[in-house]
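# Observations on the three-dimensional arrangement
One-letter residues, chain by chain:
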Amino acid sequence: MADRLRVCALYPELMSIYADRGNLLLLARRCAWRGIGFELTAVGHGDTLDPDAHDLFYMGGGQDRDQQLVAEDMAGHKREALHAAAARGAAILAVCGGYQLLGDHYELGAERVPGVGLVDLHTVRAAGGTGTRLVGNVAIEVELPGLDGPRVLAGFENHGGRTHLGPGAAPLGRVLRGHGNTGDSGWEGVLAGSTIGTYLHGPLLPKNAWFADWLVQTALRLDAPLPPLDDRLEDAAHASARRAAGLPV
Amino acid sequence: MRGAGWKGAAARLAGTASRRSGRGGTSLPGKLLLRLEPHAIGRLSRGLERSAVISATNGKTTTAAMVASILERGGARLVSNRAGANMAGGVAGALLHGEGDTGLFEVDEFWLGPIVEELAPSALLLANLFRDQLDRYGELESIADRWAEVIRAAHAKGLVLNADDPLVADLGRERADVSFFGVEDLGLATEALQHASDSTHCRRCGAPYAYEAVFLGHLGHYHCPNCHAGRPRPTVTAHDVRLDGVRGARFELRTPDGVARVVLPLPGLYNVYNALAAAALALELGAPLADVVAGLESVAAAFGRAETVAVRGHDVSIMLVKNPAGANEVLRTLALEDGRHDLLAILNDQIADGRDVSWIWDADFETLAPRLRRAVCAGSRAPEMALRLKYAGVPEDAIEVEPELPRALDRALDGAPEGGRVFALPTYTAMLGLREELVRRGVAGSSFG
């Protein structure tokens, strides 16, 4: 087994509005409990991004203004590095605002915020302000490489953007409860190789510890699943999030 | 304030009916009145000699209680919405039922504009903006933008702002007559911005603020290295602050009217901020410094905010937690207490709590984890609270999940050592539920209103 997981948190100061720290904490603890080393590097505005130095890239959500600052820097200075990292099979998990920046662009009224073009999608902010945000508990069904059947991701979404997948992009999952990418497409997120974007924000991994393990396995390119842990509380938290989304447990 | 004619009568009748049905009864008649008469707040408030409005993410209720305690010393007869009914219906209801000369209203962050426009208050206090329930309120910047509109519209006469909150202080930059308050004790500074910190980037130019000192969340001494927008110099300030665990706090209060030592019966730096805000607002309204000091020193805890109740031989201290910044101050205050603590953490996800419980991962439960003896987790999202504590470093065998509140309370009491204190940290609806349970057991008085 690989002896350490090298995680890069992209713009943690600007893009961590929805408790994204919980995702990183889950990865760190679960690695430690299994004797896998954990290295966390923050790469922010103006910093150079080394595509080969990390196994997993993580980016969370931000407020509009912060997201625009990030978009300019990322599209201008980190685009090539992110493409190189994805091409060599590093895992990329982008949540909420980070997800929107994976695509071609994000339209905010008359303004057009550039994305890094890692996946074939674009996002349009719905007209009409806070009333048109898609907010609530959400559950999706996903089928991921290496797993022996469909699984459920449960979480919370809160986004004004509608994300439209192009012909070259596949969704992360099918909406069971909640809104997903557009509110009416029935699809949520994007999955392209080991690049994942999703609106299930903040503590996505605490609510779905199995998915944290899948990410670690994918980022480290391990053939076998990670050894199990005592996950009684993790399983109960997953059940609680499913229940909140209205799924039978 | 009595409503004129049948509209007021109909609304009051609705209030009586709703009180008979058991709960609150503070905002239903107001809502009905506003439906019948949209400008009822404006009309009813014209009978007041003066009024003040308080808004903030954290501390509205406690600050309003402090201001009330101060103004009542000067003989003011208050019309206020002290039951936490802080949207338009609650304010209208208070005006409909109240009799007095001075209006004192705590107002929800998002309702500030329409209410201030109607009330045209003598003074407006904006105390802080923290990340709250984002599913309900949208993002911080949009609240700040709305507040800027309210100030630009200039319906409020006096303006009282927190100099230490960059997002709030910036709102007063263009006005010369603002009363700013702030903390001047650099010994309180934490080592770094907390995880829950908000608005660490300049509202004017987007550059990150440089902090000389961070006191609480993103509150502190700061300046923008790019456009040089800095912390305004406050005139109502706290110096030499001493925090006495969960019992209280002491500080030297400096004001344009003089200097005094204040012994505050409420704990934590967050309550020192509330006291500064209350002092600045009361002074703006013309209260003498002696009343300010006496009022602050005699204030009682608002229900669920550092209230202590004796149950089955144990003291149960209830400390409301509703967002990361507020929770961090409560956790920091608990960590000042000696010994190892028994915790009852109650996490609900009703609309008033915020449906999104993500925020618990931004609160620094790590601060408290090494000091916990045992934790019982309750509420509609109890397992997620338990998981948060596990990842904060609390041993799994010290964590118990019991979603049902009455049973969880008993489990927490059963597990606490003889005569030991239990700290209950409920979210908003959980706090109401816990109080109801304590009232049912005959150990707490009903204190609505």
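Residues numbered from 1 in each chain as written. Chains lettered and ligands numbered in written order. Predicted model: local features only at pLDDT ≥ 70, side-chain atom pairs only at ≥ 80, totals over all residues.

What follows covers the overall build of chain B. Along the backbone of chain B there are 15 helices and 17 strands. The buried share of chain B, reckoned over its 449 residues, is 58%. Long-range contacts, defined here as pairs at least 24 residues apart, represent 69% of the contacts in chain B between residues at least 6 apart. (Helix = DSSP H or I, 4+ residues; strand = E, 2+ residues; numbered from the N terminus. Buried ≥ 20, exposed ≤ 12 C-beta atoms within 10 Å, placed from the backbone. Contact = placed C-beta atoms within 7 Å.)

The helix and strand inventory of chain A stands at six helices and 14 strands. In terms of overall dimensions, chain A is globule-like: its C-alpha atoms have a radius of gyration of 17 Å, near the 18 Å expected for 249 residues. If one aligns the C-alpha atoms of chain A with their principal axes, the spans along those axes are about 50 × 45 × 30 Å. Out of the 249 residues belonging to chain A, those deemed buried represent 51%. The long-range share in chain A, meaning contacts at least 24 apart out of those at least 6 apart in sequence, stands at 70%. (Rg over C-alpha atoms; globule rule 2.2 N^0.38 Å.)

The next thing to look at is the interface of chain A and chain B. Each side of the interface is counted separately: chain A has 31 residues, and chain B has 26 residues. For the side of chain A that touches chain B, the element with the most residues is helix 6 (residues 232–244) of chain A, which contributes eight residues. For the side of chain A that touches chain B, the class distribution of residues is 15 nonpolar, nine polar and seven charged. (Nonpolar A, V, L, I, M, F, W, Y, C, P; charged D, E, K, R; others polar.)

Before going further, it helps to examine the domain arrangement of chain B. All names here are of chain B. Here the domain parsing of chain B yields domain 1 (5–297) and domain 2 (305–440). Just the C-alpha atoms count here: the centres of domain 1 and domain 2 sit 27 Å apart. The greatest single-element share of the side of domain 1 that touches domain 2, amounting to three residues, is contributed by helix 7 (residues 134–137). The class makeup of the residues in the side of domain 1 that touches domain 2 is ten nonpolar, ten polar and four charged. (Domains from an automatic or database assignment.)

In this model, chain B carries a mean pLDDT of 89, and residues with pLDDT of at least 70 account for 89%. Confidence drops under a pLDDT of 50 for residues 17–25 of chain B, and excluding neighbours within four residues, the segment shows seven contacts in the predicted structure. (pLDDT = per-residue confidence, 0-100.)

Here the focus is the pairing of strand 11 (residues 173–177) of chain A. Here is the key point about a regular strand: its side chains alternate between the two faces of the sheet. All names here are of chain A. Strand direction decides the pairing type here: strand 8 (residues 134–142) and strand 11, joined by four bridges, are antiparallel. Within strand 11, the position partnered with A139 by the bridge is R177. Judged from the two bridges that link them, strand 11 and strand 12 (residues 187–188) form a sheet pairing that is antiparallel. For R174, the partnering residue across the bridge sits in strand 12 and is W187. (Pairing = 2+ DSSP bridges.)

Attention shifts here to the sheet that holds strand 8 of chain A. Reading across from one edge, 9-8-11-12 (chain A) is the order of the four strands in this open sheet, with antiparallel pairing throughout. Two strands lie at the open edges of the sheet, namely strand 9 (151–159) and strand 12 of chain A, each paired on one side alone.

Residues and elements named next belong to chain B. Relative to each other, helix 14 (residues 405–415) and helix 15 (residues 428–440) sit at 75°, their axes nearing to 10 Å. On the basis of the axis angle, helix 14 is roughly perpendicular to helix 15. Contact with helix 14, carried on its side by L405, P406 and L409, involves G433, L434 and E437 of helix 15 and no other residues of that element. (Axes fitted to C-alpha atoms, helices over the stretch in contact; angles between N-to-C directions. Parallel < 35°, antiparallel > 145°, perpendicular 65-115°, else oblique.)

A few words now on the environment of A375 of chain B. Residue and element names in this part refer to chain B. For A375, the location among the structural elements is in strand 15 (residues 372–378). Along the chain, A375 and A424 lie 49 residues apart, while their C-alpha atoms are 9.8 Å from each other. Leave out the neighbours within four places in its chain, and A375 touches L343, A345, L389, V394, A398 and I399.

Once that is clear, we can look at the nonpolar core. Burial of nonpolar side chains together is a common tendency in soluble globular proteins. Residue and element names in this part refer to chain B. With 222 residues, the main nonpolar core has V67, A279, L281, A282, L296 and L344 as its most contacted residues. Counting residues per element, this core draws most heavily on helix 10 (residues 269–284), at 13 residues. Two domains each donate at least three residues to this core, and these are domain 1 (5–297) and domain 2 (305–440). Beyond its immediate chain neighbours, meaning those up to four positions away, A282 contacts V67, I70, L71, A287 and V292. (Core = buried A, V, L, I, M, F, W, Y, C linked by C-beta atoms within 7 Å.)

Okay, the sheet that holds strand 17 (residues 422–426) of chain B next. Residue and element names in this part refer to chain B. With mixed pairing, six strands are arranged side by side in an open sheet as 12-13-17-14-15-16. Pairing within the sheet leaves two strands with one partner each, and these edge strands are strand 12 (305–311) and strand 16 (399–401). Ignoring strand direction, the axes of neighbouring strands in this sheet form an average angle of 20°. When strand 14 (residues 341–346) meets strand 15, the two strands line up parallel, connected through six bridges. Counterpart to D342 in the pairing with strand 15 is R374.

What follows concerns the environment of L229 of chain A. Residue and element names in this part refer to chain A. By the secondary structure assignment, L229 is in the loop between helix 5 (209–219) and helix 6. In this structure L229 comes out as partly exposed when scored by C-beta crowding, with 13 C-beta atoms within 10 Å. Taking C-alpha positions, L229 is 8.3 Å from R30, a pair spaced 199 residues apart along the chain. When sequence neighbours within four positions are dropped, the list of residues in contact with L229 reads R30 and W33.

Helix-helix packing is described using two parameters, namely the angle between the two axes and the distance between the axes. With their axes 8 Å apart at the nearest point, helix 6 of chain A and helix 13 (residues 382–392) of chain B run at an angle of 145° to one another. As helix 6 of chain A packs across helix 13 of chain B, the resulting crossing turns out to be left-handed. Contact with helix 6 of chain A, carried on its side by L233, E234, A236, A237, A239, S240 and A241 of chain A, involves P383, E384, A386, L387 and K390 of chain B of helix 13 of chain B and no other residues of that element. The class makeup of the residues in the contact of helix 6 of chain A with helix 13 of chain B is eight nonpolar, one polar and three charged. (Left-handed = near helix turned anticlockwise from the far one by under 90°.)

Below, the discussion takes up the pairing of strand 5 (residues 105–108) of chain A. Residue and element names in this part refer to chain A. Where strand 5 meets strand 6 (residues 111–114), four bridges bridge the pair, whose relative direction is antiparallel. Within strand 6, the residue paired with E107 across the bridge is R112. Here strand 5 folds back onto strand 6 in antiparallel fashion, the turn holding two residues, of which G109 has a positive phi close to 60°. Two elements, strand 5 and strand 7 (residues 121–125), share two bridges in a ladder whose sense is parallel.

The phi torsion at Y11 of chain A lies on the positive side, around 50°, for a residue other than glycine. At A154 of chain B, a position not held by glycine, the phi torsion is positive, near 55°. Residue placement: A154 of chain B occurs in the loop between helix 8 (140–153) and strand 5 (158–162).

Our next topic: helix 15 of chain B. Counting along an α-helix, one turn takes 3.6 residues, and residues three or four places apart therefore face a common direction. For helix 15 of chain B, spanning 13 residues, the distance from its first C-alpha to its last is 18 Å, which sits close to the expected 18 Å at 1.5 Å a residue. Contacts made by the buried residues of helix 15 of chain B are with strand 12, strand 13 (314–319), strand 14, helix 14 and strand 17 of chain B. (Expected span 1.5 Å × (residues − 1).)

Between its first and last C-alpha, helix 1 (residues 21–33) of chain A extends 18 Å over 13 residues, near the 18 Å set by a 1.5 Å rise per residue. Every buried residue of helix 1 of chain A is accounted for by R21, G22, N23, L24, L25, L26, L27, R30 and C31 of chain A. In this fold, the buried residues of helix 1 of chain A make contact with strand 1 (4–10), strand 2 (37–43), strand 3 (56–59), helix 4 (204–207) and helix 5 of chain A together with helix 13 of chain B. The first or second residue beyond helix 1 of chain A is G35 of chain A, which carries a positive phi of 75°.

All names here are of chain B. Along the chain, the position of L140 falls in helix 8. Residue L140 is classed as buried on the basis of its 21 C-beta neighbours within 10 Å. Between the alpha carbons of L140 and L167 there is a distance of 9.0 Å; along the sequence they are 27 residues apart.

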